[in-house]
Structure formats: C-alpha cells, structure tokens
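Descriptive analysis of the structure
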Amino acid sequence: MLTNVTLEEACELITGNLIPLPGQSVALAEAAGRVCYQDIYAARDLPPCSQSAVDGYAVAMGDEVCNQFQLKGNLGPGDYPDFSLAPGQAAGVVTGGPVPPGTRGVIPWEFAEVKGEYITTTKALNPGDNIKPRGEDFRRGDIVARRGNIVGPGLVGVLAACGNGKVKVFARPKVAVLGLGRGIVPYHAVPAPGETRDCNGPVLEVLARREGAEVLGVETAGHMESAGGRECLKKLLRKADVVITTGGAASGAYDQALDLIRQTGARVLFWGVRIKPGSHSGAAVLDSRLIVSLSGNPAACVVGYHLLVAPALRALQGLDPQPARFDAVCKNRWPKKGGTRRFVRGYISRNQNQWQVNFLPGQKSSMLRSLIDYNALIDLPAGHPPVEEGQRVSVIPLFTL
Ligand SMILES: Nc1nc2c(c(=O)[nH]1)N[C@H]1C(S)=C(S)[C@@H](COP(=O)(O)OP(=O)(O)OC[C@H]3O[C@@H](n4cnc5c(N)ncnc54)[C@H](O)[C@@H]3O)O[C@H]1N2
Ligand code: MOO
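In this report, the structure presented in the accompanying data block is examined. (Residues numbered from 1 in each chain as written. Chains lettered and ligands numbered in written order. Predicted model: local features only at pLDDT ≥ 70, side-chain atom pairs only at ≥ 80, totals over all residues. Heavy atoms only, no water.)

1. Digging into the overall build of the protein chain
The number of helices and strands found in the protein chain is seven helices and 27 strands. Since a compact globule built from 401 residues should have a radius of gyration of about 21 Å, the 31 Å found for the protein chain marks it as more spread out than a globular shape. Based on the C-alpha atoms only, the size of the protein chain along its principal axes is roughly 100 × 50 × 40 Å. Relative to its 401 residues, the protein chain shows a buried fraction of 47%. Pairs at least 24 apart in sequence give 71% of the contacts found in the protein chain among residues at least 6 apart. Total accessible area on the protein chain stands at roughly 19,500 Å², and carbon and sulfur atoms take up 49% of it. Across the protein chain, the 43 positively charged side chains and the 36 negatively charged ones have centroids separated by 9 Å. (Helix = DSSP H or I, 4+ residues; strand = E, 2+ residues; numbered from the N terminus. Rg over C-alpha atoms; globule rule 2.2 N^0.38 Å. Buried < 20%, exposed > 50% of the residue type's maximum accessible area, 1.4 Å probe, protein only. Contact = heavy atoms within 4.5 Å. Areas by Shrake-Rupley, 256 points an atom, 1.4 Å probe, with all protein chains shown as cover. Lys, Arg positive; Asp, Glu negative; His and termini not counted. Charge placed at Lys NZ, Arg CZ, Asp CG, Glu CD.)

Here you go:
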C-alpha cells in the first residue's frame, strides 16, 4: 500500500482507476449543466430557409437599379410564399418570415411608399440587404457540441431550434456518504453527552450535488462494531459509484476506516497524503466503485473532498478532473510558516482587473468557521514562509467561476 503520497500522485491513482460512466438520454430541459456524452451535429439548416431580417418589402430586380415595384402579395407572420418574384415585383414580408424566391433584398417599410399596387423605395438597395440566408447560423451537419462539453443555455437553444427533444449525457455519479467517526450521530438526533452531531455528511451531500452527483444517502456507522460497519459499507458499495467515508481515518485505536475498507475486499490505492489539512485521507477501489476516506475533522474533510473527491466526480462525468487555478494577490497576511503543503480556505474577489484573496479566520481543521465564507483554496507549498499582504499566491476557485 502506498502511504503519504503527494496530492498529484493521489489524484492520478484515483482518476487512473476510474472508468467514465455510461451515457443516458435525458429531456432537453433536464440536460442543462450535464455533460455531453457524444458529439452533437445540427439536424437542420438554421435558419431553415431564406428569411427577412426586417418588416418591409422583399423586392426583385435585374441588373438595372430600380426603385419602383409592383406589389405581388403580402406575407404575414407564419405565412409561406406560394409565388416567386420577377424583376420589378415586390411582396410585403415580416421579420423572420420566409422571402419569396427571386428576392434580391428587403426594404424596411420606413423606406417605402405605397401607392395602390405599387411601392416606391426611398433608399438604395444592395443585393442581400436584410436577408438572413438559409443555413447562415448553422448548416445541417455542423458540429454544435463535443463529447465532454457542458450543456449550456445556448446549446439548449440550438437543440430546441433543431427539434432535438433529447440529449445523451453522462450519467450522474451515485454517491453515498458514511460517517465512521466514533460517537457521531445523525444531525437530527439529540446527542448524548460525549456524542457529536454529523455535520460532515450534510456538507458532503451538498458539495457532491454541486458537482453533478446524485446523493443516495448519508449514514453513520461509527457506533457499530466492525461487522456492522463492514456490512453497511458493503451495502453502500452495491448501489453507489463513489462512497465517501469521513472520520476514523487516522491510525488511532478507534480508527476503523482502513480496516473496514480492507474487509470489503477493496484494493487500497493509497493511505495518507502530504497535505494539511486532509493528511489522513485515503482511497480504494472495489470493481469499478471508488471509496474515498476523508478525515473526521470538518475542515480537513472539506479540503479532502475538493482535492480528491471532486476530481473523481468530474472524471466519472467525462470532464477534465483538474480544478481551475490562478494567482491572486493577498489582502491580508498568513503569519504561519509551514513544513507541509497547506490548503488554506480563502475568499477570492475581483478588484479592478485582478483577483485578490483573503485568508479567512478559523483555520484549525477541527473548526467550521472558515467554511462559512470560503470560495477558494489557497495552495501554500511545503516549507512556505509566512505570507505577506500584497504577495501573490496560487488559488483554486471553487464556487465563483
Ligand atoms: N495521535 C494522533 N492523533 C491525531 C492525529 C495524528 O496524526 N496522531 N491526526 C489529527 C488530525 S490532523 C486529524 S485531521 C484527525 C483525523 O481524525 P479521523 O479522521 O480519524 O477522525 P475521528 O478521530 O473520527 O474524528 C476527529 C474529529 O472529527 C470529529 N468528527 C468525526 N466525524 C465527524 C462528522 N461526521 N461530523 C462532525 N465531526 C466529526 C470528531 O468528533 C473528532 O472531533 O485526527 C487528529 N488526531
Ligand atoms: O489531516 Mo488533519 O486534517 O492534517 O488536520
């Protein structure tokens, strides 16, 4: 078993042992935010025929410029022309309506005077003026999205315009959360003296949902003997793609996570990561199922989630597992120097043209305080000296981009 691996090694071991989930067809309205399973091509030309860009008069002419035309018909909204225009003829058209064959351009009604069955135009017309040619936006067969693209509102619009009622997207990863800390009880229970309410479970549930997962359940098994805990973990592994355990991850007398995971027959990928907080994290695989064991201390649990679980959930959905990253200028100082690589919870914001970051208060791994406002992790390398205000640091944005 690999122990005390770097974060990069841990991520590679996790993502290298995952197979992206299968595709499923979902209704267009349900597809937004999901990940395309396959390349998608335009099913028709858009617009499907030559259309007018203005309300006015479609006119036909030969090579000679003319400004007087005989009105041949009038097309209202929803009408389709059953006639063509010969040079010298015109027809009333509406914005987005089809123009009759033979149309050279469209004159907005503001630049036309109607007298009886004739119109006189008061503006010169160039060929193609105010016409949206067929297929100007998309040609049938044009690629509109690639496998791995997130379905955004614009793509929903294109697919709706093409008449695609369904989209094939990656299945959502099914996630279950299991609290293994001793004396941890569900948050809605009244804890006896010495017991602690489970707060990691609900936090992980919310975080995993944000990453596109379907959360099957949040359970606690720290009160169970080994056999009970093992059966509980096995049960969750039968239905979930990813089981996140929290607590019981260190190597004390009451820490049972590693033991329980081994008892299921899972192959441990690593145990212990050279980061703080979150050093007591590990991962294992059973068939195509992933188990990630996170610390019980709430902030360590959350940091472990962002750095180890979120990349796995992205990889399962066909996305790049790597989080975004950029430099930001510190707005306050971090007085501690550090031997281990540290992930500090920060708050990033834009100031004029640059990103800035605040180190948030309450950074002990046992404390929840920094988690109220955090929207980024500040990556301080091993052996870093104290960080001064105005210095640039590397940040991983979490909820803002
Ligand atoms: N002798 C040592 N003790 C500890 C070490 C160490 O290296 N040697 N490491 C410390 C660090 S760092 C961390 S982080 C924790 C990791 O502990 P575990 O992951 O084994 O978690 P537990 O012991 O079960 O609980 C720790 C702490 O977290 C609370 N907890 C647990 N689960 C939950 C939950 N679901 N919701 C809310 N709070 C939870 C639990 O009550 C404890 O207070 O170990 C240190 N000790
Ligand atoms: O793993 Mo503990 O989280 O180092 O704080």
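The discussion continues.
2. Here's the deal with unusual backbone geometry
Between Leu46 and Pro47 the backbone carries a cis peptide bond, its omega angle lying at -10°. Note that Pro47 resides in the loop between strand S3 (40–41) and strand S4 (51–52). Of note, the bond from Lys276 into Pro277 is cis; its omega dihedral lies within 30 degrees of zero at -10°. Structurally, Pro277 is set in the loop between strand S20 (275–276) and strand S21 (282–286). Within the chain, Asn4 stands out as a residue other than glycine whose phi angle is a positive 50°. Looking at the element boundaries, Asn4 is found in strand S1 (residues 2–5). Judged by its relative accessible area of 45%, Asn4 is partly exposed.

3. What to know about the site of ligand 1
Close contacts around ligand 1 come from 17 residues, with Asp198, Ala249, Ala250, His280 and Gly296 the closest. Interatomic distance of 2.8 Å between a side-chain N/O atom of Asp198 and a nitrogen atom of ligand 1. The backbone of Ala250 places a nitrogen or oxygen atom 2.9 Å from an oxygen atom of ligand 1. Across the complex, the protein chains shield 62% of the 870 Å² of accessible surface that ligand 1 would expose by itself. Split by residue class, the shell around ligand 1 holds four nonpolar, nine polar and four charged. (Near = heavy atom within 4 Å. Polar contact = N/O pair within 3.5 Å; in protein donor to acceptor, adjacent residues only side chain to side chain. Nonpolar A, V, L, I, M, F, W, Y, C, P; charged D, E, K, R; others polar.)

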